[in-house]
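# Structural overview
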Amino acid sequence: MMQNTAEKFPKRYIVYGICAVLLAFAPLLLDSYWTDVLNNVGLYAILGLSLNLIVGHSGLFNLGHAAFYAMGAYTAAILNTLFKIPILLLLPASALTAGLFALIIARPIIHLRGDYLCIVTIGVGEIIRIALINDIFGITGGANGIFGISRPVLFGLKINKPYEFYYLIWIFAAVTVFLFFRLENSRFGRALNYLREDEVAAEGSGINTAYYKLAAFVLGAAWAGMVGTIYASKMMIVSPESFNFWESVIMFTLIILGGSGSIPGVLMGAFLIIGLPEVFRGFANARMLIFGAAMVVMMIFRPQGILPPHPRKYPIPRMDKTNRMSENEGTS
Amino acid sequence: MSLLRLENLTKKFGGLTAVNNVSFESGQGSIVGLIGPNGAGKTTVFNLITGNYQPNEGNIIFDGQPIAGLLTHKIVSMGIARTFQTIRLFKNLSALENVLAGCHCRMKSGIFGGMFRTPAQKREEREALEQALAELDFVGLGEQADVLSSNLSYGNQRLLEIARALATRPRLLILDEPAGGMNEQETDSLIRLIRRTQDRGITVLLIEHDMGLVMEVCEKLVVIEYGGKIAEGTPDEIKENPRVIEAYLGTEEEDE
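Because the structure is a prediction, the values reported are computed rather than measured. (Residues numbered from 1 in each chain as written. Chains lettered and ligands numbered in written order. Predicted model: local features only at pLDDT ≥ 70, side-chain atom pairs only at ≥ 80, totals over all residues.)

## A look at the pairing of strand β2 (residues 16-27) of chain B
Residue and element names in this part refer to chain B. In this sheet, β2 lies alongside strand β1 (residues 2-13) in antiparallel orientation, the contact comprising eight bridges. The residue bridging S2 from the neighbouring strand is G27, located in β2. What sits between β1 and β2 in their antiparallel hairpin is a turn of two residues, with G14 showing a positive phi close to 60 degrees. (Pairing = 2+ DSSP bridges. Helix = DSSP H or I, 4+ residues; strand = E, 2+ residues; numbered from the N terminus.)

## Concerning the sheet that holds strand β4 (residues 57-62) of chain B
Residue and element names in this part refer to chain B. With antiparallel pairing, four strands are arranged side by side in an open sheet as β2-β1-β4-β5. Each edge of the sheet is formed by a strand with only one pairing partner; in this case those strands are β2 and β5 (65-66). Along the sheet, helix α1 (residues 42-49) makes contact with β1, β2 and β4, crossing β2 at roughly 65 degrees. (Contact = placed C-beta atoms within 7 Å. Axes fitted to C-alpha atoms, helices over the stretch in contact; angles between N-to-C directions.)

## A closer look at the confidence of the model for chain B
Should pLDDT be low for a region, the predicted coordinates there are not to be read in detail. Summing up the model confidence of chain B, the mean pLDDT is 92 and the portion of residues at 70 or higher is 98%. Model confidence for the complex is summarised by a pTM of 0.88, with the ipTM given as 0.89. (pLDDT = per-residue confidence, 0-100.)

## Points about the packing of helix α4 (residues 65-83) of chain A against helix α6 (residues 114-133) of chain A
Residue and element names in this part refer to chain A. Interaxial distance between α4 and α6 falls to 8 Å at its minimum, and their mutual angle equals 35 degrees. On α6, the residues touching A66, A67, A70 and Y74 of α4 are V124, G125, I128 and L132. Residue composition of the contact of α4 with α6, grouped by class: seven nonpolar, one polar and no charged. (Nonpolar A, V, L, I, M, F, W, Y, C, P; charged D, E, K, R; others polar.)

## Digging into the interface of chain B and chain A
Each partner contributes residues to the interface: chain B has 49 residues there, and chain A has 35 residues. Contributing elements (two or more residues each) for the side of chain B that touches chain A: α2 (72-78), α3 (95-103), α4 (111-116), α5 (119-139), α6 (154-166) and α7 (184-199) of chain B. Of the residues assigned to the side of chain B that touches chain A, the class counts are 18 nonpolar, 20 polar and eleven charged.

## Quick notes on the sheet that holds strand β8 (residues 203-207) of chain B
All names here are of chain B. On the basis of which strands lie adjacent, the open sheet formed by six strands has the order β6-β7-β8-β3-β9-β10 and mixed pairing. The open sheet has two edge strands with one neighbour each: β6 (80-82) and β10 (228-233). When strand polarity is set aside, the average angle formed by the axes of neighbouring strands in this sheet is 20 degrees. Most of the contacts of α1 go to strand β7 (residues 172-176), to which it runs at about 150 degrees, and overall it touches β3 (31-35), β6, β7, β8 and β9 (220-225).

## Overview of the domain arrangement of chain B
Residue and element names in this part refer to chain B. Assigned domains within chain B: domain 1 (1-79 + 170-256) and domain 2 (91-167). Look at where the C-alpha atoms of domain 1 and domain 2 centre, and you get two points 27 Å apart. The interface is formed by eleven residues belonging to domain 1 together with eight residues belonging to domain 2. Counting residues per element, the ones that place at least two in the side of domain 1 that touches domain 2 are α2, β7 and α7. Ranked by the residues each element gives to the side of domain 1 that touches domain 2, the list is headed by α2, at three residues. The residue inventory of the side of domain 1 that touches domain 2, partitioned by class, reads seven nonpolar, three polar and one charged. (Domains from an automatic or database assignment.)

## Considering helix α10 (residues 209-235) of chain A
Under the 1.5 Å per step criterion, the end-to-end length of α10(A) is 39 Å for 27 residues, consistent within 8% with the ideal 39 Å. Along α10(A), 23 of the 27 residues are buried, which leaves the element largely enclosed by surrounding structure. (Expected span 1.5 Å × (residues − 1). Buried ≥ 20, exposed ≤ 12 C-beta atoms within 10 Å, placed from the backbone.)

## Remarks on the packing of helix α3 (residues 32-57) of chain A against helix α11 (residues 245-258) of chain A
Residue and element names in this part refer to chain A. Look at α3 against α11: their axes get within 9 Å of each other, and the N-to-C directions meet at 75 degrees. Classified by the angle their axes make, α3 and α11 are roughly perpendicular. Touching Y44, L47, G48, L51, N52, V55 and G56 of α3 are I250, M251, F252, L254 and I255, all from α11. When the residues that make up the contact of α3 with α11 are grouped by side-chain class, the tally is nine nonpolar, three polar and no charged. (Parallel < 35°, antiparallel > 145°, perpendicular 65-115°, else oblique.)

## Examining the nonpolar core
By size, the foremost hydrophobic cluster in this structure holds 168 residues, and its most contacted members are A70(A), V227(A), A270(A), L136(B) and A163(B). It is α10(A) that contributes the most residues to this core, 15 residues altogether. Inspection of this core shows a minimum of three residues originating in each of domain 1 (1-79 + 170-256) and domain 2 (91-167) of chain B. Leaving out residues up to four positions away in the same chain, V227(A) has contacts with L43(A), I46(A), L47(A), Y69(A) and G72(A). (Core = buried A, V, L, I, M, F, W, Y, C linked by C-beta atoms within 7 Å.)

## Focus on α6(A)
Taking 1.5 Å of rise per residue, 20 residues should cover 28 Å, and α6(A) covers 29 Å from first to last C-alpha, within 8% of that figure. Residues of α6(A) that are buried sit in contact with α4, α5 (91-109) and α11 of chain A.

## Thoughts on the pairing of β1(B)
Sheet analysis places β1(B) next to β4(B), joined by five bridges and oriented antiparallel. The partner of E7(B) across the bridge, within β4(B), is N59(B).

Spelled out as C-alpha cells, the structure:
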C-alpha cells in the first residue's frame, strides 16, 4: 500500500511537535489571566484523558466522572488540612481512594450496558455531590467545603503563581499523554478496544471482559483523583458545587467533540470546550448558543470527532511475495 | 481417547427445551460434525460448550475436567476456541489486531508493563505479533494483515475468525457454519484448511449445512433434531440412516 512508505513519519507528528513547543513557551507570551485559562484547559485535558480510557477506549458510558475527581480533591483536602501532609505526597493517596471507590461502585453495575450504565453513573455522581453537601462523617465541611489547602511544594519551590502551576499541570499532562499512549498500544489497550467493539466476541477470544471493564474504570478514576489533588491545591478550596453534574458533562463532551479514543482528539476537545468560551467572552450569553450550534453541526457532519484515532501501527516484516504465495491456501 | 465429552446435556429456555439429553464424544485429533435441520439446537450446544450458556442438566468434560459453569474466557484459556455463526469480528480494527485478540489469553503483561514497556512486555508483544502473522498466513490472509476487517470479503472474514480462534492456541476448535456464504472454490480451500488444522493436532468440532463439506471432512457425525440426538456415526452410516433421511426430507405419510 501507498501509505507504508509515505507514513513512516506522518506529517501530523510535525504538527504535534509545533504544538508542544508552543505549549512549552506559552506562559512567556501570555499574561497571568490567559495562563490560568490554559491551566484549566490542562486540568480538563487530563480529566478528559482519564475518562477517555472508560468512554473512548472501552465504550462504557460514564457520566459521573466528577465523582472520582471529587474523591481525589476531598481526600487531598482533608488529609492536607487535618494532618498537614504535603499536597504532592498525597497524589498516590488520592489515586488510591478514587480508584478504590470506583472499584466498589463499579463492581455491581459493570455488567450494565450503554444507557443503563450511563444513568447509574449519573446517579453516583449526584450521590457524591449531595453526600458532600450534607457533610458526611463531619469531615467534608458541608456546602462551604474545605478551605486552607496548602500550595504544592516541589524540590523546595513553592508553586504559587499561575505560570508555576502551568508547568506543574502541563508536565503532569505530558506524562499522562506519554503513559496513556503507550498503554493504548499495549495488550491492555487492545483489550479495552476489543470489548468496546464486541463484548461477546472479546470474551469468546479469551479476554476477561469483566476484569478489563473494571480496570478501565479504576485506572480512569485513579487518574481523575490525582487531577483532583492538583485542583484542590490550585484553588486552595474545594466545595461540592465544583463537582456537579455539569463537570461530568463537560468531560464527556470534550471527548466526543475531540475524537473518542484519540489522545490528540481529547486535547483538542479540552482546548475547544474550556478555551474557546474564554476567547468569546465578549459575546457574553450568545457564546453558549454559538457553542451549542457548533456541537449540533459537528454531530451531523463529523460524528467521529474532530481528530478521530489513527489505527495502531505494527512492524510487519514484508517477506518476498513469491515465497508467501506458495504457502497461501486461502482466497483473496 | 476422548478430548471432549458431553453427558446428558439439557438446556431449557423457559418452556422450550432447546437441547434435550444430548451425549456424544469428540476423540483427540478427530473432526466431528454436528448436523441437523435449522433450529435443531446445534448452536445452543456450541454455546453450552463455550460457556455462553449454562446447562440445566448434564456435564461437559474437557480433557478430564468438568467445564460446565465456567466463564467463557476461562474455557478459552483451557484450550477451546470458537468461531461464530453470524460473523463477530472487531469491525473497526485491522485483520492483524483481530488475530492479536486471540493471542491475548496467552500473554501476561498488564497496565504497568504496557505503560513502562518492560523487556518482558516487549518480548511478549514481538512474539504475539509473530504468532498472529503466522496464523494469518496459515489461513491465507497474510497479505491482508493491515486491512480493516470489515473491508474483507465475506469468505475472508470467516477465515479471519478462524485465524483469531487459532491464535488462542486451542486444542479443540469449534466452527459454527464455517462455509456459510462461501462459494465452491472458497469451500474447497476451507476443507484443506480444516485438514491442515487437524494436522497441527487440533481437534475440530463443526456445524455445517454444506453436506459436501461435512461428508468429505468429518470422521464422525452427530445428528440433532428438535434438541435431541437422533443418530451418530460415520458419514456413510448417517447417509443410510432412515431417521436422518426422515428428519431432512420428511416422510411420505406426513403428506396425507
